[in-house]
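# Examination of the molecular architecture
One letter stands for each residue in the lines below.
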Amino acid sequence: MFRRTKSETATTVPAEPQGKPGGKGRPTPSRKEAEAARKQAFKKPRNRKEASAIRRDKMRTERAKMQAAMQTGDDRYLPAADKGPVRRFARDYVDARYSVMEFALPILLVVSLVGVVFSPQFPWLAGMVNLLFLFMILLIAADWFLLTQGLKKQLRIKFPKESTKGIGFYAVRRTMQMRRWRLPKPMVKRGEKPS
């Protein structure tokens, strides 16, 4: 009649002693925890020189990651100007096609060099060089227009809700570079359809 039931005994837990009075109020850390805390304290810079050295090391590793991303196309470490699926598609679109702008600078350089060297002997050559310059400028303008319009059309289909602000200039700027010097490196072959 006055006995306790089993459920009452199970729920009643005696209070644990709080430790000796004046104690630290927390358990002693294990050796592993203490060593980890000590190593963490060493990582904190003690003066301005150490802080700048740590900052330089951090920037060096970030630059190394960014350079590796430029070679592999890893979107996590690319610069902000090259990040995102829209920019990736624009790069692939540019890299998959042949472009007049890509070859314009070397051609114009050769033409102007020929004009400067041979125009004193052949006066008619100066007029031909000027015509060729004008023809190249018209070709570049047409290529620019076709590139930006085609890219924007594809982007409206593939990314209808994404912003395409500035993407035309981004693509043109990439097209002006020769393919082997483009960064991030081209990930598609010429003629391949961008994904």
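Quick caveat, the model's predicted, so the values are computed rather than measured. (Residues numbered from 1 in each chain as written. Predicted model: local features only at pLDDT ≥ 70, side-chain atom pairs only at ≥ 80, totals over all residues. Heavy atoms only, no water.)

### Section: the overall build of the protein
When you go through the protein residue by residue, the secondary structure sums to 7 helices and 0 strands. The secondary structure elements of the protein, listed N-terminal to C-terminal, are α-α-α-α-α-α-α. For the protein, the share of sequence-separated contacts (at least 6 apart) that also reach a separation of at least 24 residues comes to 69%. When the accessible surface of the protein is split by element, carbon and sulfur atoms take 62% of a total near 15,500 Å². (Helix = DSSP H or I, 4+ residues; strand = E, 2+ residues; numbered from the N terminus. Contact = heavy atoms within 4.5 Å. Areas by Shrake-Rupley, 256 points an atom, 1.4 Å probe, with all protein chains shown as cover.)

### Some details on the confidence of the model for the protein
Put simply, the protein has an average pLDDT of 84, and 87% of its residues get 70 or more. The secondary structure element of the protein with the lowest average pLDDT is helix H1 (residues 6-11), at 54, and the one with the highest is helix H4 (residues 85-95), at 94. (pLDDT = per-residue confidence, 0-100.)

### Quick word on the packing of H4 against helix H7 (residues 167-175)
Interhelical geometry of H4 versus H7 gives an angle of 40° and a closest axis separation of 10 Å. Between H4 and H7, the angle is such that the two are oblique. When the axes of H4 and H7 are compared, the crossing they make is right-handed. Between H4 and H7, the residues in contact are Val86, Arg87, Ala90, Arg91, Val94 and Asp95 and Ile167, Tyr170, Ala171, Arg174 and Thr175, respectively. Split by residue class, the contact of H4 with H7 holds 6 nonpolar, 1 polar and 4 charged. (Axes fitted to C-alpha atoms, helices over the stretch in contact; angles between N-to-C directions. Parallel < 35°, antiparallel > 145°, perpendicular 65-115°, else oblique. Left-handed = near helix turned anticlockwise from the far one by under 90°. Nonpolar A, V, L, I, M, F, W, Y, C, P; charged D, E, K, R; others polar.)

### A look at the packing of aromatic side chains
This model, assessed by the stated rule, comprises 3 aromatic pairs. Each residue in the set Phe89, Tyr93 and Phe159 is aromatic and connected to the rest through ring pairs, giving one cluster. In this structure, Arg87 is placed above the aromatic ring of Tyr170, and the distance from its NZ or CZ to the ring centre is 4.7 Å. (Phe/Tyr/Trp six-rings, centres within 6.5 Å; stacked < 30°, edge-to-face > 60°. Lys NZ or Arg CZ within 6 Å of the ring centre and 35° of its normal.)

### Topic: a nonpolar patch on the surface
Where nonpolar side chains cluster on the molecular surface, the patch consists of Val110, Leu113, Val114, Val116, Val117, Phe118, Phe122, Trp124, Met128, Leu131, Leu134 and Leu138 and spans about 1,200 Å² of accessible area. Secondary structure elements with two or more residues in the nonpolar patch: helix H5 (100-118) and helix H6 (124-158). Counting residues per element, the nonpolar patch draws most heavily on H5, at 6 residues. With respect to the helices, strands and loops of the structure, Val117 is situated in helix H5. (Patch = residues over 30% accessible without salt bridge, like charges linked within 9 Å, V, L, I, M, F, W, Y side chains within 5 Å. Salt bridge = Lys/Arg side-chain N within 4 Å of Asp/Glu carboxyl O.)

### What about H7?
By the criterion of burial, H7 is predominantly enclosed, with 7 of the 9 residues buried. Inspection of H7 places Ile167, Gly168, Tyr170, Ala171, Val172, Arg174 and Thr175 among the buried residues, and these make up the whole buried set. Of the surrounding secondary structure, the elements contacted by the buried residues of H7 are H4, H5 and H6. (Buried < 20%, exposed > 50% of the residue type's maximum accessible area, 1.4 Å probe, protein only.)

### Let's talk about the nonpolar core
Ranked by internal contacts, the top residues of the largest apolar core, which has 18 residues, are Leu147, Leu151, Leu155 and Ile167. Every element with two or more residues in this core is listed here: H4, H5, H6 and H7. The residues touching Ile167, leaving out its near neighbours within four places in the chain, are Val86, Arg87, Ala90, Leu151 and Leu155. (Core = buried A, V, L, I, M, F, W, Y, C linked by side-chain atoms within 4.5 Å.)

### Overview of helix H3 (residues 48-72)
Counted at 1.5 Å a residue, the expected span for H3 with its 25 residues is 36 Å, and the 36 Å between its end C-alpha atoms agrees. Taking the backbone nitrogen of Lys49 as reference, a side-chain oxygen 3.3 Å away marks Asn47 as the first, capping residue of H3. Positive phi shows up at Gly73, right after H3, with a value of about 80°. (Expected span 1.5 Å × (residues − 1). Polar contact = N/O pair within 3.5 Å; in protein donor to acceptor, adjacent residues only side chain to side chain.)

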